[in-house]
Amino acid sequence: MKRTFGGVLIAGALALALAGCASDTEYSAHGSGPGAAQAPATGVARYKGSNEYSSTYGGERYPSLPYQGFQQVGEQPRSTFSVDVDTAAYAHVRRILKSRQMPPRDAVRIEEMVNYFDYAYPQPRNREEPFAIATTVLPNPWNAETQLLHVGLQGYSVPRRARPPVNLVFLIDVSGSMKGEDRLGLAKRSLKGLTKGLRADDQIAIVTFSDGTRTVLDPTSARYKHPIERAINRLRAGGGTGGEKGLEHAYSVADHHFSPDAVNRVILISDGDFNLGASDPAAMRKLITQKRKSGVYLTVLTVGDGNVNDHIAQALAQAGNGQAAHLDSLMEARKVLDDEVTANLIPIAEDVKVQIEFNPDIIAGYRLIGYETRALRSRDFRNDRVDAGDVGSGHSVTALYEITLVPHLARARQGFRYQLASKDPDLKRMVAAEDEYAYVKLRYKAPGTRSSHELGKAISKFEEVELLEDASEDVRFAVAVAAFGQILRGEIDTGEFNYDDVLDLAHSGRSSDPYGRRGEFLQLVRQAEGLSDGAW
């Protein structure tokens, strides 16, 4: 998702993709009953140092991320958000740390850092019910007064031999700013790597844009490796940037060769320094939305550094129901385009939303760690007009909450699962509210359909582990990554928990690491520690 036409399209895309980030107003304030512990105040700046947001880094731009404080369960019993499988933030953080600089606060989207890694969550039984939900309640390593709730969603993995063919239109920025091996050079090597992993029934087309647009390669079967490679080799950078016309041209090619039996996708690759023109934002939003609804999705990949417009990349990718990723190396390109081609290109569910309702008899307050740009209102959960993220084959999604436990909390008004349980004997037997921390619901659509489906799971006391080391290695590692992200953002919630503590926790959860990604994470933590100490 990209939105950079002088800021014109940004507002439209964000309005579409991020509807409802504000807190619900449908809940009336309700006092916490006698003896109930109070969760920390909401809406308070919780950063070390300056409270001002920095949405720029050099020439790079990042969306501002407001602090998400604790919510009182008596006032906000439900937490609702769209899933996020983007990974751009982790690549940005890695790239900046490796350049021996600390990343700006807004470049650190914690959910994208946590979801960058693979986790061995329980697998769903079949594609008809494409998600399995795993939950754990565990001690909080940075605050003994609170606990953590870990929610892991695992998507169904479509076997490679069973995946549908893919029709890919690559929209490549070849403007002058794309010169360099870390930009167009990396894009070209990435495309060659992807081509090797495609099947004969897959198709590739290449459209370029700079001062004008051009079809460099008409849709071609992936069996013809040499013609495709020759077209890639001919790509040269030079001239200005006309991203709007390029996007329209790429969609036109995708429409002309659309197949209802294939996955149809436009993949935009740019350094982010593109000008989409002075288009009417409503018209552009309509174009992206129409193409998405017609079955042509949009993935946004950025390359290079110094002028990346991550703000725009995120907005465009969300509007186009696609992934946003940053390619900072050939290894990352292989992860995004080659090793995970099935997961990234084959959707198993669309408009995936998560809603967790907390039991006020047990939970006083909660804080969702990350997902600032994916927050939804409670009523948006069942509003199918509100767009949400897609999940590809085999993807997992992780969410972490910091929760405050209480011995007692007076019931809020009627209308929620735990309040209704006291009035409905059948529901009361089902809920056994005294044993439930919360109830998690997942709502999604099968690809290409309009009807939504829901899955649910109660989070019981029996899923609580007494000691941190009793949690699985995957859970411990995810918590370590979330702690690292909060420290990088300067949030005071982590207290005295420091880089050494992150290293110890991550080491304990390193587990199987076939691609060395968890080991690389440890190196990044050490890099950040050295930079913060002024040693490097």
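The subject of this paragraph is the overall build of the chain. Counting its regular elements, the chain contains 15 helices and 19 strands. Looking at the chain residue by residue over its 536 residues, the buried ones come to 60%. Counting contacts in the chain only where the partners sit at least 6 residues apart, residues at least 24 apart contribute 80% of the total.

Reading fine detail from the predicted coordinates is not recommended where pLDDT is low. Here the chain averages 83 in pLDDT, and 80% of its residues register 70 or above. Across residues 1-54 the pLDDT falls below 50, and counting only partners more than four positions away or on other chains, this stretch makes 164 contacts in the model.

Further remarks concern the pairing of strand 9 (residues 213-221). Bridge analysis of strand 8 (residues 203-209) against strand 9 gives 6 bridges, and the strand direction is antiparallel. Among the inter-strand pairings, Gln203 is bridged to a residue of strand 9, identified as Ser221. A loop of 3 residues connects strand 8 with strand 9, the two strands running antiparallel in sequence.

Another point: the pattern of salt bridges. Across all of its chains, the model carries 33 salt bridges by this definition. For Asp202, the salt bridge is made with Arg163, and the minimal N-O distance between the two is 2.6 Å. Of this pair, Asp202 sits in the loop between helix 4 (184-196) and strand 8 while Arg163 sits in the loop between strand 6 (147-155) and strand 7 (166-173), and the two are 39 residues apart along the sequence. For the pair Asp202 and Arg163, a shared accessibility class is recorded, and that class is buried. Across the pair Arg183 and Asp271 runs a salt bridge whose closest N-O atoms are separated by 3.0 Å. Taken together, the residues Arg183 in the loop between strand 7 and helix 4 and Asp271 in the loop between strand 10 (263-270) and helix 7 (281-294) connect sequence positions 88 residues apart.

On to the packing of helix 4 against helix 5 (residues 225-233), then. The angle between the axes and the distance between the axes are what describe a pair of packed helices. Running from N to C, helix 4 and helix 5 point in directions that differ by 170°, and their axes come no closer than 10 Å. As the angle between them shows, helix 4 and helix 5 are arranged roughly antiparallel. On helix 5, the residues touching Lys188, Leu191, Lys192, Thr195 and Lys196 of helix 4 are Lys225, Ile228, Glu229, Ile232 and Asn233. By residue class, the composition of the contact of helix 4 with helix 5 is 3 nonpolar, 2 polar and 5 charged.

Attention shifts here to the nonpolar core. Ranked by internal contacts, the top residues of the largest apolar core, which has 42 residues, are Phe484, Val502 and Phe521. Those elements that place two or more of their residues in this core are helix 2 (88-98), helix 3 (110-114), helix 13 (473-488), helix 14 (499-508) and helix 15 (517-533). With 11 residues, the top contributor of residues to this core is helix 13. Other than its neighbours up to four places away in sequence, Phe521 contacts Tyr90, Phe117, Phe477, Ala480, Val481, Phe484, Val502 and Ala506. Judged by nonpolar contacts, the second largest core, of 34 residues, contains Ala349, Ile363, Tyr371 and Ala399.

Calculation notes
Residues numbered from 1 in each chain as written. Predicted model: local features only at pLDDT ≥ 70, side-chain atom pairs only at ≥ 80, totals over all residues. Heavy atoms only, no water. Helix = DSSP H or I, 4+ residues; strand = E, 2+ residues; numbered from the N terminus. Buried < 20%, exposed > 50% of the residue type's maximum accessible area, 1.4 Å probe, protein only. Contact = heavy atoms within 4.5 Å. pLDDT = per-residue confidence, 0-100. Pairing = 2+ DSSP bridges. Salt bridge = Lys/Arg side-chain N within 4 Å of Asp/Glu carboxyl O. Axes fitted to C-alpha atoms, helices over the stretch in contact; angles between N-to-C directions. Parallel < 35°, antiparallel > 145°, perpendicular 65-115°, else oblique. Nonpolar A, V, L, I, M, F, W, Y, C, P; charged D, E, K, R; others polar. Core = buried A, V, L, I, M, F, W, Y, C linked by side-chain atoms within 4.5 Å.

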